[in-house]
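Structural characterization, general
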Amino acid sequence: MSNTIVIFGASGDLTSRKLIPALYSLYLKKRLPGDVRIVGCSRSPFSSEQWRDDLEKTTEKFTSEFESDSFKEFAASIFYHKLDIGTIDDFRSLFRFLNEIEGEEDATRIYYLSTAPRFFCPAIENLGIAHKEQVELGSDVKLRGNLNRRVVIEKPFGNDLDSAHALNEKIHEVFAESQVYRIDHYLGKETVQNMLVLRFANSIFEPMWNRNYIDNVQIICSESVDVGRRGGYYNSSGVLRDMFQNHLLQLLMITAMECPARFNAGLVRDEKVKVLQAIKPFSAEQVGTETFRAQYNGYLDSEGVPSDSKTATFAAIKLHVENWRWQGVPFYLCSGKALAKRSTHIVIQFHDPPTLLFSDGPKEHWENNRLIIQIQPDEGIRMRFTTKVPDAGMDLRTTDLDFNFADEYSKSMPDSYQRLLLDAIKGDASLFARSDEVEFAWKIIDPIINTWDQSPTPKLYGYKSGVEMPESCDQWMHFQHKSWWKE
Ligand code: BG6
């Protein structure tokens, strides 16, 4: 079986930084199934040769294992076709081109929308029209429901519930849900997939993975980068749309979901959706107490940001998954830009022991038993527990049992796009977001954004670039008799 990946938005950053390097790495590892052709489309006037030359330079920059001869071999299957997404004639000519390079073969086609979101709808509409014309001419199979025709959609998927719903409806006019692959690159991270393995391929964690043993869960994603030159986009998005609605809620779902009966796209996503359904959207009053927002000092000077912007670049929210497993266990989600370092962790904080038998134990709150899943960097898992300091009476100390992927497997972690592209080519949608998942996520995030937009509560705090955590957010946590896990 041969495959054609058609990338719309081919001249963009994502294509050269992520997509082509990921496909090239898969090619080097001989992971690509059958023949794979790549057709890039955008309005820029390139020839295929020029595009290959450009990609050779960028791929060398963005992959660790580049080698010119093998790239040239790989690039022989790369083509470029100039196309304006709003012009149906360009799609007709694209289809003629695709038929030509595919020949008589019944190739699987993956339409990858790596464009600005405003082009998603016109691209889908025109794909539908061009396909329909082909069917009428008897030269191709129908599009809707044909699993050999898939569409991959980049984020952001909508701007709120209404726009996400409208986009889903538009997509479903042309493609069946089983043909749609909505990207959340966090799901392609090895450590996020390993979270499923940790939970469902080991038996020791399951008995403790509930409200009887767990005090709270913290999902913390710190970024050292500031908004840089993305101020225009970021200011209308803010941290909740940029990180929470997608990546952090995905991590929450993977942490809280039940074990599916089988590992397939339908059953995995059913279980994930149930987690979101168990979270009650906040009232405006709850937004005041259960959420925290802040903006780093200096954000207002960024390119594209209005000088009176109230956009939050840091947020923390406390969510409750109201089901039997999780009743009463707060899930704290936290993310921000311009912090001390880049690190993402899921911290499972277990209850304190019921009595403190050893009076010489740590004087501060115990907080001893913790499972820390290090999503990135230094990917690994750490279990924290109390031990006796040798030859020191009954002095106790918290110590770590440490597992690190790099030490164990001595391999670097592949970029998440490798896994996601390969799954899209193979037709496995388990690690992609389904339409209902995306809409439920917006149902949780929308009321927070709406209240933030309209009300002065919670206060928008400021914080200094480079801090580990805004001090006011530590206080917000202390107010709830908890504290953030810090390295
Ligand atoms: C993107 C956001 O989706 O994820 C960025 O738009 C953010 O603002 C990035 O920096 C974080 O991804 P990662 O893989 O670097 O944690």
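It should be noted that the structure appears before, not after, this text.
In this text the structure is predicted, and so the values were computed from the model without any measurement.

1. Some points on the sheet that holds strand β9 (residues 314–320)
- Reading across from one edge, β14-β13-β12-β11-β7-β10-β9-β8-β15 is the order of the nine strands in this open sheet, with mixed pairing throughout. Each end of this open sheet is capped by a strand with a single partner; those strands are β14 (396–404) and β15 (460–463). Across the sheet, the mean angle from the axis of one strand to that of its neighbour is 20 degrees, orientation sign disregarded.
- As paired elements, strand β12 (residues 370–376) and strand β13 (residues 380–388) share five bridges and run antiparallel to each other.

2. Considering the sheet that holds strand β2 (residues 36–42)
- Taking strand neighbours across the sheet as the criterion, the six strands line up as β3-β2-β1-β4-β5-β6 in an open arrangement whose pairing is parallel. Of all strands in the sheet, those bounded by a partner on one side alone are β3 (78–82) and β6 (180–182). Taking each pair of neighbouring strands and ignoring which way they run, the sheet shows an average axis angle of 20 degrees.
- Sheet topology places strand β1 (residues 3–8) next to strand β4 (residues 108–113); six bridges connect them, and they run parallel. Looking at the pairing, I7 lines up with Y112 of β4.

3. As for the packing of helix α9 (residues 265–277) against helix α13 (residues 435–454)
- Where α9 meets α13, the axes come as close as 9 Å, and the angle between the chain directions of the two elements is 15 degrees. Taken together, the axes of α9 and α13 are roughly parallel relative to one another. By crossing handedness, the relation of α9 to α13 is classed as left-handed. Together, R269, K272, V273, L276 and Q277 of α9 and D436, E437, F440, A441 and I444 of α13 make up the contact between the two elements.
- Taken together, the residues of the contact of α9 with α13 break down into five nonpolar, one polar and four charged.

4. Brief notes about the pattern of salt bridges
- Following the criterion strictly, the structure yields 27 salt bridges and no others.
- With a closest N to O distance of 4.0 Å, D402 and R382 form a salt bridge. Taken together, the residues D402 in strand β14 and R382 in strand β13 connect sequence positions 20 residues apart.
- Among the ionic pairs, D474 bridges to K486, the shortest N-O distance being 2.8 Å. With a gap of twelve residues between them, D474 in helix α14 (residues 471–478) and K486 in the segment after α14 connect regions that are remote in the sequence.
- Relative accessible area serves as the criterion here: at 15%, D474 is assigned to the buried category.
- Where salt bridges share partners, they join K155, E223, D242 and K337 into one cluster.

5. Here's the deal with the site of the ligand
- Taken together, K155, H185, Y186, K189, E223, R230, D242, M243, H247, K337, R342 and Q376 are the residues near the ligand.
- A distance of 2.8 Å separates an oxygen atom of the ligand from a polar atom in the side chain of H185.
- Taking D242, its side chain carries an N or O atom lying 2.6 Å from an oxygen atom of the ligand.
- Protein contacts shield 82% of the accessible area of the ligand, which totals 400 Å² for the unbound molecule.
- Among the elements that make up the shell around the ligand, the one with the highest residue count is helix α8 (residues 231–256) (three residues).
- The residue inventory of the shell around the ligand, partitioned by class, reads two nonpolar, three polar and seven charged.

6. Looking at unusual backbone geometry
- A cis amide bond links K155 with the next residue in sequence, P156, at an omega value of 0 degrees.
- Within the element layout of this structure, P156 appears in the loop between β5 (149–153) and α6 (161–174).
- The omega torsion of the bond from T457 to P458 falls at -5 degrees, within 30 degrees of zero and hence cis.
- Structurally, P458 is set in the loop between α13 and β15.
- Positive phi is not limited to glycine here, since D378 has a value of about 45 degrees.
- Inspection of the secondary structure puts D378 in the loop between β12 and β13.
- The class for D378 is exposed, based on a relative accessible area of 54%.
- The phi dihedral of H481 is positive, around 60 degrees, even though this residue is not glycine.

Conventions and cut-offs
Per chain, residues are indexed from 1 in the order of the written sequence. Residues qualify for local features only when their pLDDT is at least 70, as the model is predicted, and side-chain atom pairs are given and counted only at 80 or more; totals for whole chains, interfaces and linings, by contrast, use all residues. Here the side-chain values reflect all heavy atoms present in the structure, with hydrogen atoms and water set aside. At least two bridges found by DSSP between two strands are what make those strands a pair. A run of H or I in DSSP becomes a helix once it reaches four residues, and a run of E becomes a strand once it reaches two; helices and strands are each numbered from the N terminus. Here the axes come from fitting lines to C-alpha atoms, over the contacting stretch only for helices, and the angles between their N-to-C directions go from 0 to 180 degrees. Relative orientations are named as follows: roughly parallel for angles under 35 degrees, roughly antiparallel for angles over 145 degrees, roughly perpendicular for angles from 65 to 115 degrees, and oblique for any other angle. Working rule for handedness: look at the near helix, and if it is turned counterclockwise from the far one by less than a right angle, call the crossing left-handed; if clockwise, right-handed. Pairs of residues are marked as contacts when any of their non-hydrogen atoms sit within 4.5 Å. The classification used treats Ala, Val, Leu, Ile, Met, Phe, Trp, Tyr, Cys and Pro as nonpolar, Asp, Glu, Lys and Arg as charged, and all other residues, Gly among them, as polar. By salt bridge we mean one thing: a side-chain nitrogen of Lys or Arg within 4 Å of a carboxyl oxygen of Asp or Glu. Accessibility here uses a 1.4 Å probe with only protein chains present; expressed as a share of the type maximum, an area under 20% marks a residue as buried, one over 50% as exposed, and anything in between as partly exposed. The near set for a molecule or strand comprises every residue that places at least one heavy atom within 4 Å of it. Counted as a polar contact is a pair of N or O atoms within 3.5 Å, where, for protein atoms, one must be capable of donating a hydrogen and the other of accepting one, and residues adjacent in sequence contribute only when both atoms are in side chains. Every accessible area reported is derived by Shrake-Rupley at a probe size of 1.4 Å, with residue values counting cover from the shown protein chains alone.

The values reported here are purely geometric and, on their own, carry no functional implication.
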